[in-house]
Amino acid sequence: MMDPKVLILMGSDSDWEVMSEAKRALDELGIPAEVHVSSAHRTPERTGKLAREAAGRGVQVLVCGAGSAAHLAGVCAAETELPVLGVPLAASDLKGLDALLSTAQMPAGVPVGTLAIGKAGARNAGLLAARIVARTDPEVAERVRAQRRKMADEVEAKDAALQAKLAAPKG
């Protein structure tokens, strides 16, 4: 595998069902990513080390998924100057609202880009990480543009099919 451009961290292996969407988005765009389970609370030294050493290994952005108190993204943001994207996960009775607020309410000076709760947030975190990588990699930038064109073409094709259906004689 090529050196990772994105580091995906999650607080528990049970988070993989959701966080795999971030990895899938990156894979579709040919962006190498590394994935680890590391807890802000249970393995704080390991988490800090992963975040601190990421830039030196060529990582350009971190994607962190965590539920409940959701401190993982904030801890990573405190340990690195790289962009950190947080994906709140629905891991408690509050269905991710607690994680969303914890991820979004970082103190001034410790920024975390916060995405939506769950799979859509994880996918968008992967896509946003791709756009960050694309800023310095023309090949990735072209793949991101091609993916956006493909999505637009799909919408236009669906609209054309709907218009044809609506224009068909009723009978």
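Thresholds applied
Residues numbered from 1 in each chain as written. Predicted model: local features only at pLDDT ≥ 70, side-chain atom pairs only at ≥ 80, totals over all residues. Heavy atoms only, no water. Helix = DSSP H or I, 4+ residues; strand = E, 2+ residues; numbered from the N terminus. Polar contact = N/O pair within 3.5 Å; in protein donor to acceptor, adjacent residues only side chain to side chain. Contact = heavy atoms within 4.5 Å. Salt bridge = Lys/Arg side-chain N within 4 Å of Asp/Glu carboxyl O. Buried < 20%, exposed > 50% of the residue type's maximum accessible area, 1.4 Å probe, protein only. Axes fitted to C-alpha atoms, helices over the stretch in contact; angles between N-to-C directions. Parallel < 35°, antiparallel > 145°, perpendicular 65-115°, else oblique. Left-handed = near helix turned anticlockwise from the far one by under 90°. Nonpolar A, V, L, I, M, F, W, Y, C, P; charged D, E, K, R; others polar. Core = buried A, V, L, I, M, F, W, Y, C linked by side-chain atoms within 4.5 Å.

Caption draft 1: Representation of the side chain of Thr80 in the model. Relative to the helices and strands, Thr80 resides in the loop between α3 (72-79) and β4 (84-89). At 3.1 Å, the side chain of Thr80 forms a polar contact with the backbone nitrogen of Leu82. Every residue in contact with Thr80, bar those within four places of it in the chain, is listed here: Ala51 and Leu62.

Caption draft 2: Spatial organisation of the pattern of salt bridges. Under the definition given, this model contains 9 salt bridges. For Lys119, the salt bridge goes to Glu17, with nearest N and O atoms at 3.8 Å. You can see Lys119 sitting in helix α5 (residues 119-134) and its partner Glu17 sitting in helix α1 (residues 16-28), a full 102 residues away along the chain. Ionic pairing is found between Lys150 and Glu154, a salt bridge with its closest N-O pair at 3.8 Å. Here Lys150 pairs with Glu154, and both are found in helix α6 (residues 138-167), just 4 residues apart, close to one helical turn. Under the relative-accessibility criterion, Lys150 is labelled exposed at 53%. Bridged by salt links that share partners, the residues Glu142, Arg145 and Arg149 form one connected network.

Caption draft 3: Structural view of the packing of α5 against α6. For the pair α5 and α6, the least separation of the axes is 8 Å and the interaxial angle reads 135 degrees. As judged from the angle between their axes, α5 and α6 are oblique. In the crossing of α5 with α6, the sense of the turn from one axis to the other is left-handed. Counted together, Arg123, Leu127, Ala130, Arg131, Val133 and Ala134 of α5 and Val140, Ala141, Val144, Gln147 and Arg148 of α6 form the full contact between these two elements. Broken down by class, the residue content of the contact of α5 with α6 amounts to 7 nonpolar, 1 polar and 3 charged.

Caption draft 4: A look at the nonpolar core. Ranked by size, the top nonpolar core spans 27 residues in total, and within it Val6, Ile8, Met19, Leu26 and Val63 carry the most contacts. Of all elements in the fold, only β1 (6-10), α1, β3 (61-67), β4, α5 and α6 reach the threshold of two or more residues within this core. The leading source of residues in this core is α5, at 7 residues. Excluding its chain neighbours within four sequence positions, the residues that come into contact with Leu26 are Val6, Ile8, Ile31, Ala33, Gly126, Ala129 and Ala130. Listed in part, the 19 residues of the second largest apolar core include Leu50, Cys64, Ala70 and Ala73.

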